[in-house]
Amino acid sequence: MKFSTAPHRATLGLVSLLALAACTDQVAPPSGASTFRVRITQVNGAAAPPDDAPLPANRGDREDTWAFELETLSPYGEHVDFDGMVRISVEPGVVLGVTGEGATGRNINVVAGKAQGVATVTAVYGSARLWVEDLGYSPVPLSSKPACSNGKDDDGDVLIDFPADPGCAFADDDNEETGTFAAGISPPVHYELPRISDVQGLGAATPFPYEAIEINTHRPKPLVVTRVSNDGFYVTDLSEQATGYNHIFAFNFSTPPGMRVCDRVTFLTGTVVEFFGFTELSFPSYVVSYPVEGEDTCEVPEPPVLDDSTIQNADAMEKLESGLVRIEGFRVATKFGPKPVVDNVPDADHSNCDLNGDGQVDFASQAEGACSDACSADPECTEWTSYSARGNYKVFKGNTQIQIQTGTAASFDPTGHKGETLDAVTGTLRNFSGGSLNWTLETRCPDDLVCQSQGCVKATVPSTKACVRLRTIDDNDQGSN
């Protein structure tokens, strides 16, 4: 017995069409505020800068004014008569305040779908844009007991006040309901990317803490790698040798593969961090170009020699942070030995302030703290526990002292040379805010340590040669062929 499937197919097709029509009838078209059209009309009272003539990066030390206009739009790009307060922000950067009709703090009131005002911004750089968002935020003075701090469930969602109710943006919000979350951004306002000196803050703390930032590598002179270490690399901006603050350390967590001293950095980004006073880029991304032996020259600059006045001047040292520097004629500490100090009087064999032998100096202990203070105050004393933990030890010339780390000169044993004069020590300068001796000079390779005894080179090596191993045209490293 045979059955025809045609009627069944026709019936199924009709049912599907009816079902589709029913679903279509039940979907309401989108309406209401969907986005904001944002336009920057002036920057600092003039036309916005073109992309080929950007403003200098704002380090947070000046205030720029952006005049803006905004309009509320529907999902179809049509004007919407939206009324309400919207939040103004800038990315990257900070909005300090907004002025204009209906403005309060960093917010402005939109009436009939339109508003205009002036945003005061700082710490902006790169292609910065103004953001507008409807958070459902209606700020009023706290003295008037706004809905988000009156102890009541005003919107009936069983959640009371800020921060428990997600509809409350802040405690002074007079509306417990959420906004539409409509948002809009302006076209970019063009600023330069920050230079290394901008990131360093020219001596102050970095103005861009915890920001993922791109460094300006498009300079008249290149950014050059001065050191490759087991945890990252050091870079100097040759365009700013005269001003200082032009060096930075990129914390890579390990030795960056394939990188060498003298490489030029053509792209560099990372998260800016102040690590106990030491400005660094964490999680860096980078691109380097490779000088080739016989075709290019190494551009690592000659290091400045640190004199007494520089070492004792925190601002002068800050200019050189992460840079390549040199000291000359300093002596290795004479009081430098593993035995515990007796009666707070260190000597050649007794400079260990770990008096109870637990592996660390306990500054809460009166005895160990006093011992450490006595050693720190003595230019000729290196505290043994610190040396054994990090390899840092003290060198001095007269009453001037500084720490050095010469672990990269593996044949040199500091304890076997106590009291000896080092002709020269070259290396990168690292800052650590803890304790009284904050600066450490770290050598890069044996070329950086000059003395007339075992484990040193006998004469200073020029920076274009010291620790340098340029690639050759037949080198296997990627990018050199």
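In the block above lies the structure referred to throughout.
These remarks concern the structure in this document.

What counts as what
Residues numbered from 1 in each chain as written. Predicted model: local features only at pLDDT ≥ 70, side-chain atom pairs only at ≥ 80, totals over all residues. Heavy atoms only, no water. Helix = DSSP H or I, 4+ residues; strand = E, 2+ residues; numbered from the N terminus. Rg over C-alpha atoms; globule rule 2.2 N^0.38 Å. Buried < 20%, exposed > 50% of the residue type's maximum accessible area, 1.4 Å probe, protein only. Contact = heavy atoms within 4.5 Å. Areas by Shrake-Rupley, 256 points an atom, 1.4 Å probe, with all protein chains shown as cover. Disulfide = S-S within 2.5 Å. Salt bridge = Lys/Arg side-chain N within 4 Å of Asp/Glu carboxyl O. Core = buried A, V, L, I, M, F, W, Y, C linked by side-chain atoms within 4.5 Å.

Further remarks concern the overall build of the chain. A tally of regular secondary structure across the chain gives six helices and 24 strands. For 481 residues, the compact-globule formula gives about 23 Å, and the C-alpha radius of gyration of the chain, at 32 Å, lies well above that figure. Along the first, second and third principal axes, the C-alpha set of the chain runs to 100 × 70 × 65 Å. By the burial criterion, 45% of the 481 residues in the chain qualify as buried. Summarising the internal contacts of the chain: among those between residues at least 6 apart in sequence, 64% fall at separations of at least 24. If you sum the accessible surface of the chain, you get close to 23500 Å²; carbon and sulfur atoms cover 53% of it.

Moving on, we get to the state of the cysteines. A complete count under the given rule lists six disulfides for this structure. Between the sulfur of C445 and that of C467 lies a disulfide, 2.0 Å long from S to S. Here the disulfide of C445 and C467 is left-handed, its torsion about the S-S bond being about -85°. Residue C445 is found in the loop between β23 (439–442) and β24 (449–450), and its partner C467 is found in the segment after β24; the two are separated by 22 residues along the sequence. What makes C445 buried here is its relative accessible area of 13%.

In a structure, side chains of opposite charge can pair up when their charged atoms sit close to one another. Inspection of the entire model under this criterion finds 15 salt bridges. R39 is paired through a salt bridge with E69; the nearest N and O atoms lie 2.8 Å apart. Taken as a pair, R39 in strand β1 (residues 35–43) and E69 in strand β2 (residues 64–73) lie far apart in primary sequence, 30 residues in all. On the basis of relative accessibility, which here comes to 30%, the residue E69 falls in the partly exposed class. Ionic pairing is found between R59 and D61, a salt bridge with its closest N-O pair at 3.0 Å. Relative accessible area serves as the criterion here: at 53%, D61 is assigned to the exposed category. The structure contains a network of salt bridges with shared partners spanning R59, D61, R195, D198, R219, D237 and E240.

Attention shifts here to the environment of G427. By the element assignment, G427 lies in strand β22 (residues 421–431). For G427, a relative accessible area of 0% translates into the label buried. Through-space distance from the C-alpha of G427 to that of L449 is 8.9 Å; in sequence the pair is 22 residues apart. What G427 contacts, discounting residues up to four positions off in sequence, is G323, L324, V325, L441, E442, T443 and D448.

Turning our attention to the nonpolar core. Grouped together as the largest cluster of nonpolar side chains are 27 residues, with contacts concentrated most on W66, F68, L70, V86, I88 and L130. Of all the elements in the fold, those that place two or more residues in this core are β1, β2, β3 (84–91), β4 (94–99), β6 (107–110), β7 (114–122) and β8 (127–133). Here this core gets four residues from one element, more than from any other, and that element is β1. Within the second largest apolar cluster, 26 residues are counted, among which are I327, A333, I404 and A409.

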